[in-house]
Structure formats: C-alpha cells, structure tokens
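Listed here are the chains, written in short residue letters.
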Amino acid sequence: MAAFGLSLLVRRSLRQHALSTLITVVSVALASGLVMSVFAIKRQAYQAFTGGPVGFDAVLGARGSQLQLVLNTVFHLETSPGNIPWAMYQAIGADPGVTLAIPYAVGDNYEGFRIVGTSTQMFTDFEYRAGQKFRLGAGRVFNPAEREAIVGSVVAAQTGLALGSTFRPYHGLAFDSTKVHDELYTVVAVMEPTNSPSDRVVWIPIDGLFRMSGHVLRGTGKTYRPEEGVAIPEEHREVSAVMLKLADPQSGIYLDQAINRQGKEATLAWPIGRVMADLFIKIGWMNQVLAMVAYLVIVVAAGSILASIYNTMNERRREFAILRALGARRRTVFAAIVFEAAAIAGLGAALGYAMYAGILTAARAVVRVQTGVVLDPLAFDPILVVAPIGMLLIGAVAGLIPAFKAYRTDVAANLTPVS
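The structure displayed is predicted, hence computed values, not measured ones. Residue numbers restart at each chain and count upward from 1, following the sequence in its written direction. Owing to the predicted nature of the model, reporting of local features is limited to residues with pLDDT of at least 70; listing and counting of side-chain atom pairs is limited to 80 or more, with chain, interface and lining totals taken over all residues. Values reported for side chains reflect all heavy atoms of the structure, with hydrogen atoms and water molecules removed beforehand.

Participant: Could you give an account of the overall build of the protein chain, naming the residues involved and the relevant values?
Facilitator: Comment: elements are numbered from the N terminus, with helices defined as DSSP H or I runs of at least four residues and strands as E runs of at least two. Across its full length, the protein chain carries 15 helices and 15 strands. Carbon and sulfur atoms make up 60% of the accessible area of the protein chain, which totals about 20,300 Å². We get accessible surface area from the Shrake-Rupley algorithm with a probe of 1.4 Å; when it comes to residues, only the shown protein chains can shield them.

Participant: Kindly report on the packing of helix α3 (residues 66-73) against helix α9 (residues 272-282), identifying the contributing residues and their values.
Facilitator: How two helices sit against one another is set out by the angle between their axes and by the gap between those axes. Fitting a line to C-alpha atoms yields each axis, with helices limited to the stretch in contact; the angle taken between N-to-C directions then spans 0 to 180 degrees. Where α3 meets α9, the axes come as close as 9 Å, and the angle between the chain directions of the two elements is 110°. Considering their axes alone, α3 and α9 lie roughly perpendicular with respect to each other. Residue-level inspection shows Gln-66, Leu-67, Val-70 and Leu-71 of α3 in contact with α9, the latter providing Ile-272, Arg-274, Val-275, Met-276 and Leu-279. The residue makeup of the contact of α3 with α9, split by class, is 7 nonpolar, 1 polar and 1 charged. To sort the angles, those under 35 degrees are grouped as roughly parallel, those over 145 as roughly antiparallel, those from 65 to 115 as roughly perpendicular, and the leftovers as oblique. The contact criterion used throughout is that any non-hydrogen atoms of two residues lie within 4.5 Å. Only Asp, Glu, Lys and Arg are considered charged in this grouping, and only Ala, Val, Leu, Ile, Met, Phe, Trp, Tyr, Cys and Pro are considered nonpolar; every other residue, Gly among them, is considered polar.

Participant: So, the nonpolar core: which residues are in play, and what are the values?
Facilitator: Among the nonpolar cores identified, the biggest contains 43 residues, and Leu-60, Phe-167, Val-242 and Leu-244 are the most heavily contacted of them. When residues no more than four places from it in sequence are discounted, the contact partners of Leu-60 are Leu-69, Ile-84, Met-88, Ile-92, Ala-241, Val-242, Leu-244, Ile-259, Ala-266, Thr-267 and Leu-268. For this analysis, a nonpolar core means a set of buried residues of the types Ala, Val, Leu, Ile, Met, Phe, Trp, Tyr and Cys, connected via side-chain atoms within 4.5 Å. Burial status follows relative accessibility: with a 1.4 Å probe on protein chains alone, a residue under 20% of its type maximum counts as buried, one over 50% as exposed, and anything between as partly exposed. Membership of the second largest hydrophobic core comes to 36 residues, among which are Phe-49, Leu-67, Val-74 and Ile-272.

Participant: Lay out the pairing of strand β15 (residues 266-269) with the relevant residues and their values.
Facilitator: Here β15 shows a buried face lined by Ala-266 and Leu-268 and a second buried face lined by Thr-267 and Ala-269. By the bridge criterion, 4 bridges tie strand β1 (residues 58-62) to β15 in an arrangement that is antiparallel. When the bridges of β15 are listed, Leu-60 appears paired with Leu-268. Any two strands with at least two DSSP-identified bridges between them are counted as paired.

Participant: Describe the side chain of Glu-238, with residues and values.
Facilitator: Counting through the fold element by element, Glu-238 comes out in strand β13 (residues 238-239). The sign given to each residue is positive for Lys and Arg and negative for Asp and Glu; His and the chain ends receive no count. Salt bridge criterion: a side-chain nitrogen from Lys or Arg within 4 Å of a carboxyl oxygen from Asp or Glu. There is no salt bridge for the buried Glu-238, and the closest opposite charge comes from Arg-218, which lies 5.4 Å off by N-O distance. Polar contact is the term for a pair of N or O atoms within 3.5 Å; when the atoms are in protein, one must be able to donate a hydrogen and the other to accept it, and sequence-neighboring residues count only if both atoms are side-chain atoms. Polar contacts involving the side chain of Glu-238 include one to the main-chain amide nitrogen of Arg-218, which spans 3.0 Å. Every residue in contact with Glu-238, bar those within four places of it in the chain, is listed here: Asn-83, Ile-84, Pro-85, Trp-86, Phe-210, Val-216, Leu-217, Arg-218 and Gly-219.

Participant: Account for the pattern of salt bridges, with residues named and values stated.
Facilitator: Counted under the stated rule, the structure contains 8 salt bridges. The shortest N-O distance in the salt bridge between Arg-135 and Glu-192 comes to 3.7 Å. Of the two residues, Arg-135 sits in the loop between β6 (132-133) and β7 (136-139) while Glu-192 sits in the loop between β11 (185-191) and β12 (201-205), which places them 57 residues apart along the sequence. Given the relative accessible area of 56%, Arg-135 is considered exposed. Overall, Glu-192 belongs to the partly exposed group, its relative accessible area being 30%. Where Glu-148 meets Arg-140, a salt bridge forms, and the shortest distance between an N and an O atom there is 2.7 Å.

Participant: Let's hear about the environment of Thr-124: which residues, and what values?
Facilitator: Along the chain, Thr-124 turns up in helix α5 (residues 121-124). In the structure, Thr-124 is positioned 17 residues away from Val-141 in sequence and 8.5 Å away in space, judged by C-alpha atoms.

Participant: Before we move on, can you summarise the layout of surface pockets with the specific residues and values?
Facilitator: Counted as a void, the largest pocket has a volume near 520 Å³. A cavity, in this analysis, means grid points on a 1 Å lattice covering only the protein atoms where a 1.4 Å probe fits yet has no way out; a pocket is instead an open set bounded by protein on both sides within 12 Å along at least five of seven lines, and a residue lines either one if it has an atom within 4 Å of a point. Taken together, 22 residues form the lining of the largest pocket, with Ile-41, Ala-45, Phe-280, Ile-283 and Asn-287 sitting closest to its centre. Of all the secondary structure elements, the ones that give two or more residues to the lining of the largest pocket are α2 (18-51), α9, α10 (284-310) and α12 (330-371). A per-element tally of the lining of the largest pocket places α2 first, with 6 residues. Grid points are joined across faces, edges and corners, and a volume is the space filled by probe spheres set on the points.

Participant: Would you mind going over the packing of aromatic side chains in detail, with residue names and values included?
Facilitator: Ring geometry is summarised as follows: Phe, Tyr and Trp rings, the Trp one being its six-membered ring, pair when their centres sit within 6.5 Å, and such pairs are stacked at plane angles under 30 degrees, edge-to-face over 60 and tilted between the two. Overall, the coordinates contain 15 aromatic pairs when judged by the stated rule. Plain terms: the ring middles of Tyr-104 and Trp-203 are 5.9 Å apart, the flat faces sit at 70° to each other, and that makes the pair edge-to-face. Separated by 99 residues along the polypeptide, Tyr-104 in strand β3 (residues 98-110) and Trp-203 in strand β12 bring together distant segments of the chain. Across this residue pair, the class does not change: Tyr-104 and Trp-203 are buried.

Participant: With reference to specific residues and values, describe a nonpolar patch on the surface.
Facilitator: What makes a patch is a set of residues exposed beyond 30% relative accessible area and free of salt bridges, joined within 9 Å when like-charged and within 5 Å when nonpolar (Val, Leu, Ile, Met, Phe, Trp, Tyr). On the surface, a nonpolar cluster with roughly 480 Å² of combined accessible area is contributed by Trp-285, Met-286, Val-289, Leu-290 and Val-293. With respect to the helices and strands, Leu-290 occurs in helix α10. Residue Leu-290 is classed as partly exposed on the basis of its relative accessible area of 43%.

Participant: Help me get a handle on helix α8 (residues 249-262), residues and values and all.
Facilitator: A helix is expected to span 1.5 Å for every residue after the first. Its 14 residues give α8 an end-to-end C-alpha distance of 19 Å, which sits within 8% of 20 Å, the value for a rise of 1.5 Å per residue. The sharpest bend along α8 comes to roughly 25°, located at Asp-256. Looking at α8, one finds that the buried residues are Ser-251, Gly-252, Leu-255, Asp-256, Ile-259 and Asn-260. Buried residues along α8 sit in contact with β1, α3, α4 (86-94), β3, β14 (241-246) and β15. Fitting axes to the seven residues that end at a residue and to the seven that start at it, the angle between those axes gives the bend at that residue.

Below is the structure:
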C-alpha cells in the first residue's frame, strides 16, 4: 500500500510538471546514450583493429614503421613506406614457416578508393576469416594478363561500378581528376560484403599496376619502364608489401628476429594485433578525453534532475504539509522525492537506448565508409547495463537534497491560510 501511495505521488508530480520533466528526461537520455556510445564504439573499434578478421599474420614491407605498414596494407589507410624487390617476395614465400605469401602493389586509386595490384591467390587461397574466402557475388576472378578488376562491395555501392563496367584508374592514393591513366579496365566481378577493409578496394592483376602509364620499376635500383608486349624481368619487379600467413607462432618469432633485429633491408609487422594495439595506446589520451566529456554530461544531467525537482519545492510545501497532517511520515515524503528523481533518471536511461542506437548507427555508417570496419549496434556490451543502472543511482542521489528539504517541511507553518 505504501509503495502504491509513493507511485501515485510520483506520477502526479510528473504530470503536474510535465514540461520540466520532459526536458530533464531528454538531458538524461542524451547523457546515457552518449556514455554507452563512447565506450561501445571504443571497445568495438579496438577489437576490430587489434583482433578482427584481417586474415594475415604478418606483413613484410620496406624498412620503416610497422604501424604504417599495417595501416597501408591491411586497412588501406596510409601511404606506402616504400617498395621491396621481387626477389625478397619470392624468398619469403619459399620460407618453410610461411604457408601463404600474397604480393601487394599500390599507387593508384579510383575516385578515392585504393587500387591494389595482387595475385589471383587473394581470391583462391586466402581466408579473411577461418574457413571463409572472398566470395564473388557476380563474375569471376580476373585474368592476370588482362586489364580486369574486382571491386569491393563498398566501392560498387559508392561509385556505381558493376559487372561489365569500365573505368580508368587515377594516379596516386588521393583522387585528382587531372591524373587519369590511359588504361581502361573492365569489372569482371563484384565481391560480396565482408564487413572488412577489403570492401573498399579495387583489385587488379599486379602486372597491370606495374604496366600502368607513368609507372616505373626500380627493383634493381635503376629505373625500368615496362614496354607493351615485353615481359618484365623479375629483377626489375618490386612490391609494396607481402601479406603472410604463418605456419605457427614460432615462425613469426624466427622471422621477426631475422628481418627486424638482424636484417636492415625490410620490416616485418608481426603480430598485426600487437602493432595495432600500440596505436590505441598512443591515442589513449583521446579516449580519455571522450570519456571525460561523457562523464561531464552525466554530471550536467544529474544537475538537471536536482534543479528540476528543487525548483518545485516551494510550490509543493503546502502539499507536503497536508500529507503530513493526514498521517504521512517524514520518511514517506523523503522517499517520494528520491523515488521521483530516480523515476526521471530511469525514464531518461530507457530513452537513452534510442539515443545510443541513433549515435551508433550514424557512427557505423561513417566508420564503414572511411575504414571498411563495421560496428554492430546490436552487439552486447557491459556498458549497456552499467550505464542505465548508474544513471538510475545518480538520479536517486541527485534527489537527496530536495528530499531533505521536503523532510524538514514545517507542517504548522505551511498549513496556515494565506491572507
């Protein structure tokens, strides 16, 4: 019965102050939704970049930064640190600790989407997830000797390229309409979505990238210009990177020792997850700033609850005095105010899920277009439970000050008729 009475008091108060209640509920919803979004996006992004289905164990490339090498080849987000000779690709591919070596050559784009020259092994042997190979929604694997291309699902959606479409590549990794190549490529397949960075790539035969107009090869240290109809000698060939699948972790340790510690010609990025984890450590201050902003919004929301209820105390003194005169105890009045504050916070936390869904859906679209990584708004995260419960408790705490004021209401003074 007491609980029913408290519920009745709270519902009546919320209706009487509907406008201020609505504004406060929305502010709490924004706070709750923002907190859930910040931490969910942070956790999903970390998992996607450090433990996601990149498909490769290591990357071999030019001497330099391991992080730049991984971002450039695995996530297609950076410029190439340089090239390595074709002979190095052949040597690493023949190593008994390497089960698969796929060459990469970059340097061109189509409307801002990276063009990668590679071998047909990318579509016949490579598994981007355990047991899952790239699937072509329509078409076939390109002919290594022809000007043919396979486009990722995001590329197809954003550019309109489809099976049978033709296009001319543009020089460089940044789109510049004045730097168009002469070669005309035909789309022979469109990949099914993989929800990975590969969806943002145009794949062509590596020989085609070697022979692109204006390109030169320096595998021997001297400039070599490929000629139409003339085979390119292997000593002149070079690659931007080699993507590696290793037989076991011991192979990674051995290659890391031989290439990174004892060698001076190349860099081995291994393991890829650790390299990306280092990036998140370096930008950890940014996550802390976002978390601080989210916490500040929570404080503002708590203040809104406090102000919303406290500002109604003067007009409700007579109401509380009448309740006391009718037999209500001080603790009942106190509990009613705390319950009201918690109810406002609870309504805001519930609405916060809608805010969270909206923020994560918008972030999902941006992140997918920019990186190919896909966030999942429906994925469970502990913050989805912790944040609403926290908001409920914070709301109750915010109601303590006005509750104490109601608790001390003087019955006789507030029942005196107003002249």
